[in-house]
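Letter by letter, the chains look like this.
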Amino acid sequence: MNPQLLNFIELIGHPFTALIIANLLAWYFFGIKRGMSKNELFKITSKSLEPAGTIILLTGAGGVFKQVLTNTGAGELLASSLSDVGFPVLAFAFTTAAIVRIIQGSSTVAMITSAGLVAPLLVEASLSKPELACLVIAIASGASIFSHVNDSGFWLVGQYLRISEKDTFKSWTMMTTILALTGFISVCIINIFL
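Since we're looking at a predicted model, the values are computed, not measured.

Rules and cut-offs
Residues numbered from 1 in each chain as written. Predicted model: local features only at pLDDT ≥ 70, side-chain atom pairs only at ≥ 80, totals over all residues. Heavy atoms only, no water. Helix = DSSP H or I, 4+ residues; strand = E, 2+ residues; numbered from the N terminus. Areas by Shrake-Rupley, 256 points an atom, 1.4 Å probe, with all protein chains shown as cover. Phe/Tyr/Trp six-rings, centres within 6.5 Å; stacked < 30°, edge-to-face > 60°. Buried < 20%, exposed > 50% of the residue type's maximum accessible area, 1.4 Å probe, protein only. Core = buried A, V, L, I, M, F, W, Y, C linked by side-chain atoms within 4.5 Å. Contact = heavy atoms within 4.5 Å. Axes fitted to C-alpha atoms, helices over the stretch in contact; angles between N-to-C directions. Left-handed = near helix turned anticlockwise from the far one by under 90°. Nonpolar A, V, L, I, M, F, W, Y, C, P; charged D, E, K, R; others polar.

What follows deals with the overall build of the protein. On a plain count of helices and strands, the protein comes out with nine helices and zero strands. Its helices and strands taken in sequence order, the protein reads α-α-α-α-α-α-α-α-α from the N to the C terminus. Seen along its three principal axes, the alpha-carbon backbone of the protein occupies a region of about 70 × 50 × 30 Å. A total accessible area of about 12,600 Å² is found for the protein, and carbon and sulfur atoms account for 71% of it.

Okay, here's the thing in structure tokens:
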């Protein structure tokens, strides 16, 4: 296939480009074509993109935090020091994912960061495939724990269900915490029998 065509397809498929194109099409078909003024269109656009801006900012900040841990070598230092103490890899994976999740909010960034921190420990350990699966579930469980105000999911649930922050804490935050602890306890039990 033509390299220029591939580059063009990659550019169009990039999330930023796709969002811009979607907005331009929406402005034209649902705004300009229906006779809306530029001021009306601007007001509607600003109001609709406001919540998304906060979510994008929080997710971006989480990605930066993960990169700082990786680039400074702090993650590898932490992993090796806990390994020297004899801290179980499964507990380390869950704990690091949970800490990153609670501090910066994004479960995706928490999983990526925790996987990056656990990876140096796996070089020396010879884990079977079921043990690796348990490790992955432990990371995912830790990354799901205690969704609160710095998590975009917290705000999405609250806004879509039209419930207060207090009620979102009582329902969504508690549900994610129970889910995470159940997942981690389950893999710990499974790991005993492997």
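Back to the text.
Looking now at the packing of aromatic side chains. All told, the structure shown has four aromatic pairs when counted by the stated rule. Judged by centre distance (4.2 Å) and plane angle (20 degrees), the ring pair of Phe-94 and Phe-184 falls under stacked. You can see Phe-94 sitting in helix H5 (residues 89–104) and its partner Phe-184 sitting in helix H9 (residues 165–192), a full 90 residues away along the chain. One aromatic cluster is present, formed by Phe-154, Trp-155 and Phe-169 through successive ring pairs.

One non-glycine residue with positive phi stands out, namely Phe-146, at about 45 degrees. One can find Phe-146 in the loop between helix H7 (129–142) and helix H8 (152–161). The backbone of Arg-162 shows a phi angle near 55 degrees, a positive value even though the residue is not glycine. Along the chain, the position of Arg-162 falls in the loop between H8 and H9. Residue Arg-162 is classed as exposed on the basis of its relative accessible area of 75%.

So, about the environment of Arg-34. Relative to the assigned elements, Arg-34 resides in the loop between helix H2 (15–30) and helix H3 (38–72). When the C-alpha atoms of Arg-34 and Leu-49 are compared, they prove to be 20 Å apart, with 15 residues separating the residues in sequence.

Glancing now at the nonpolar core. One recurring pattern in soluble globular proteins: nonpolar side chains tend to sit buried together. One finds Leu-90, Ala-138, Phe-184 and Val-187 to be the most contacted residues of the largest nonpolar core, which totals 21 residues. Mapped by element, the contributors of at least two residues to this core are H5, helix H6 (107–124), H7 and H9. At eight residues, H5 tops the list of elements feeding residues into this core. In this structure Leu-90 touches Cys-134, Leu-135, Ala-138, Phe-184, Val-187, Cys-188 and Asn-191, once residues within four positions along its chain are discounted.

The next thing to look at is the packing of H6 against H7. The geometry of a pair of packed helices is captured by two quantities: the angle between their axes and the separation between those axes. Close contact between H6 and H7 brings their axes to 10 Å; oriented N to C, the two are set at 145 degrees. The handedness of the crossing between H6 and H7 is right-handed. Contacts from Met-111, Ser-114, Ala-115, Val-118 and Leu-122 of H6 reach H7 at Leu-132, Leu-135, Ile-139 and Ala-140. Residue classes in the contact of H6 with H7 are distributed as eight nonpolar, one polar and no charged.

You can see Thr-173 is positioned in helix H9. Aside from chain neighbours lying at most four places away, what touches Thr-173 is Phe-146, Ser-147, His-148, Phe-154 and Thr-168.

On to the environment of Leu-194, then. Its location among the elements puts Leu-194 in the segment after H9. Note: C-alpha distance between Leu-194 and Cys-134 (60 residues apart in sequence) is 9.9 Å. Contact partners of Leu-194, with chain neighbours within four places excluded, come to Pro-130, Glu-131 and Cys-134.

Functional significance is not addressed by these values, which are geometric in nature.
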